[in-house]
Amino acid sequence: MRIATAARNILAIVLLMLAVLLGAGSLLGSAATTVVHTPEPLQRILGPLATDPQLRQVLPDEIGAALEERITGGAAVPPQLAGPLHNAVATAGAAMLDDPGFPAAWEQTIEEARADFTARMAEAKGTEQVTLRLDLAPLLGSGWGTLQASLEGSVLGALLPTEVPMPPAVLETGWPDAQQLPTPTLNTWLAVARGWPWLLAGAVVAAAAGLLLATRGGRPWAVFAAGCTALALGGAARLWFAVLGPVIAPAQGAGVESLVTGRLLGALEEEVGRFAAILGGGGIVLVIAGIGWAIVAGLAAHRAPRRG
């Protein structure tokens, strides 16, 4: 009889520990799929860069060079006006950041980068490495409008075409690196993450089964074990990112690509910290609940014979 009781309680503990693991996987999976498949999280992460001093310092040069290339490629500009055109484009690139249309163009750039990355991830085959890239075409369109407004009525403005083709102007970030985070591995993680509702359902079933299977005296210890599992998992998440973070960090630099990938890594660190905090807080609650439940149950069992 005692062996059967012990076996029930051990199995109940395993089930509640499994419930914590499945619940944590569901939490991570939900966050990952939301970032990949909906625009809001990435806009929240990268949108503030529109007013970031570092971006405002390096972006005009990127925009100006790409815009000047498209203008000179589509119109014959006299050599004597090449210098004034260069200066006007540089000025327009800086002024574009204060244009009312710039935030919307930046948001479009972010969303197109997310959609492009997601689509290429889904189509990736074999060992092909998919990296994040930014198409500056929406920003070029905004810069072109600013330039036209600044040159209206001038000789240089009259020489410019009324329209300039805006083919993709791709900035390749090179992140994530194939040796650090291969696309097949990332795709496998995302495939598991998309099953987060099933993980959540499994967590609920495992928790209910564990509590039903445990004996009255074993339930507090099963809850205590679940709390310890949550605490250990939260600590492991922090340790995992402490090791992985520097490995997958983008190369240091002052360009637009480095600013974007650096902000993404910072957001990942915040997400891991939030995940660890949720597990840690939940774990503490479960540990305290398990100990309290065990004390109350022990006191009740101690008093029962006296009542008899």
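For the structure, check the block above.
## Points about the environment of Ile13
Part 1: Positionally, Ile13 belongs in helix H1 (residues 2-37).
Part 2: According to the relative accessible area criterion, Ile13 is partly exposed, its value standing at 24%.
Part 3: When the C-alpha atoms of Ile13 and Leu211 are compared, they prove to be 8.7 Å apart, with 198 residues separating the residues in sequence.
Part 4: When neighbours within four sequence positions are excluded, Ile13 is seen to be in contact with Trp221, Ala222 and Ala225.

## Some words on the packing of aromatic side chains
How two aromatic rings sit relative to each other is given by the distance of their centres and the angle of their planes.
Part 1: This structure, assessed with the given rule, holds one aromatic pair.
Part 2: For the ring pair Trp221 and Phe224, a centre distance of 6.0 Å and an interplane angle of 75 degrees mean the geometry is edge-to-face. Note that Trp221 and Phe224 are positioned in helix H10 (residues 219-248) at a spacing of three residues, about one turn of the helix.

## Some details on the packing of helix H5 (residues 102-123) against helix H6 (residues 137-151)
Part 1: As a packed pair, H5 and H6 sit with axes 8 Å apart at the nearest point and diverge in direction by 160 degrees. Considered as vectors, H5 and H6 are oriented roughly antiparallel to each other. H5 and H6 meet at a crossing whose hand is right-handed. For the pair formed by H5 and H6, the contact residues are Phe102, Ala105, Trp106, Gln108, Thr109 and Glu112 on the first element and Pro138, Leu139 and Ser142 on the second.

## Regarding the side chain of Thr173
Part 1: Position of Thr173 relative to the elements: it lies in the loop between strand S2 (170-172) and helix H8 (183-193).
Part 2: When its relative accessible area of 18% is taken as the criterion, Thr173 is described as buried.
Part 3: There is a polar contact of 2.5 Å between the side chain of Thr173 and the backbone oxygen of Leu132.
Part 4: A distance of 3.2 Å separates a polar atom in the side chain of Thr173 from the backbone nitrogen of Trp175.
Part 5: If sequence neighbours within four positions are ignored, Thr173 has contacts with Leu132, Glu257 and Thr261.

## A look at a nonpolar patch on the surface
Part 1: A cluster of nonpolar residues, Ile10, Leu11 and Val14, forms a patch on the protein surface that exposes about 270 Å² of accessible area.
Part 2: Of note, Val14 is situated in helix H1.
Part 3: Given a relative accessible area of 46%, Val14 falls into the partly exposed group.

## So, the pattern of salt bridges
Part 1: A full pass over the atoms with the stated rule returns five salt bridges.
Part 2: When the shortest N-O distance is used, the salt bridge between Asp52 and Arg263 registers 3.3 Å. Placement of the pair is Asp52 in the loop between helix H2 (39-46) and helix H3 (53-74) and Arg263 in helix H11 (residues 256-307), with a sequence separation of 211 residues.
Part 3: Judged by its relative accessible area of 14%, Asp52 is buried.
Part 4: With relative accessibility at 28%, the residue Arg263 sits in the partly exposed group.
Part 5: For Arg114, the salt bridge is made with Glu111, and the minimal N-O distance between the two is 2.7 Å. With Arg114 and Glu111 both in helix H5 and three residues apart, the pair spans about one turn of that helix.
Part 6: Glu111 sits in the partly exposed class, given a relative accessible area of 24%.
Part 7: Linked by salt bridges that have partners in common, Asp116, Arg120 and Arg133 make up one network.

## With respect to the environment of Arg133
Part 1: Mapped onto the elements, Arg133 comes out in strand S1 (residues 133-135).
Part 2: Separated by 42 residues in sequence, Arg133 and Trp175 place their C-alpha atoms 8.4 Å apart.
Part 3: Excluding anything up to four places from it in sequence, Arg133 contacts Ala113, Asp116, Arg120, Val170, Leu171 and Glu172.
Part 4: Polar side-chain contacts of Arg133 include one of 2.9 Å to the side chain of Asp116.

## Topic: the nonpolar core
Part 1: In terms of nonpolar packing, the biggest core is built from 48 residues, with Leu59, Ile71, Trp106, Leu147 and Val260 touching the most fellow members.
Part 2: When contributions to this core are tallied by element, the ones reaching two or more residues are H2, H3, helix H4 (82-96), H5, H6, H8 and H11.
Part 3: Excluding anything up to four places from it in sequence, Ile71 contacts Leu85, Val89, Trp144, Leu147, Leu160 and Val164.
Part 4: By size, the runner-up hydrophobic cluster in this structure holds seven residues, among which are Phe241, Leu265, Val272 and Phe275.

## Some thoughts on H1
Part 1: Between its first and last C-alpha, H1 extends 52 Å over 36 residues, near the 52 Å set by a 1.5 Å rise per residue.
Part 2: Along H1, the residues that are buried comprise Asn9, Ala12, Leu15, Leu16, Ala19, Val20, Ala24, Ser26, Gly29, Thr33 and Val36.

## With respect to unusual backbone geometry
Part 1: The step from Trp175 to Pro176 runs through a cis peptide bond, and the omega angle for that step is 0 degrees.
Part 2: Inspection of the secondary structure assignment puts Pro176 in the loop between S2 and H8.

Conventions adopted
Residues numbered from 1 in each chain as written. Predicted model: local features only at pLDDT ≥ 70, side-chain atom pairs only at ≥ 80, totals over all residues. Heavy atoms only, no water. Helix = DSSP H or I, 4+ residues; strand = E, 2+ residues; numbered from the N terminus. Buried < 20%, exposed > 50% of the residue type's maximum accessible area, 1.4 Å probe, protein only. Contact = heavy atoms within 4.5 Å. Phe/Tyr/Trp six-rings, centres within 6.5 Å; stacked < 30°, edge-to-face > 60°. Axes fitted to C-alpha atoms, helices over the stretch in contact; angles between N-to-C directions. Parallel < 35°, antiparallel > 145°, perpendicular 65-115°, else oblique. Left-handed = near helix turned anticlockwise from the far one by under 90°. Polar contact = N/O pair within 3.5 Å; in protein donor to acceptor, adjacent residues only side chain to side chain. Patch = residues over 30% accessible without salt bridge, like charges linked within 9 Å, V, L, I, M, F, W, Y side chains within 5 Å. Areas by Shrake-Rupley, 256 points an atom, 1.4 Å probe, with all protein chains shown as cover. Salt bridge = Lys/Arg side-chain N within 4 Å of Asp/Glu carboxyl O. Core = buried A, V, L, I, M, F, W, Y, C linked by side-chain atoms within 4.5 Å. Expected span 1.5 Å × (residues − 1).

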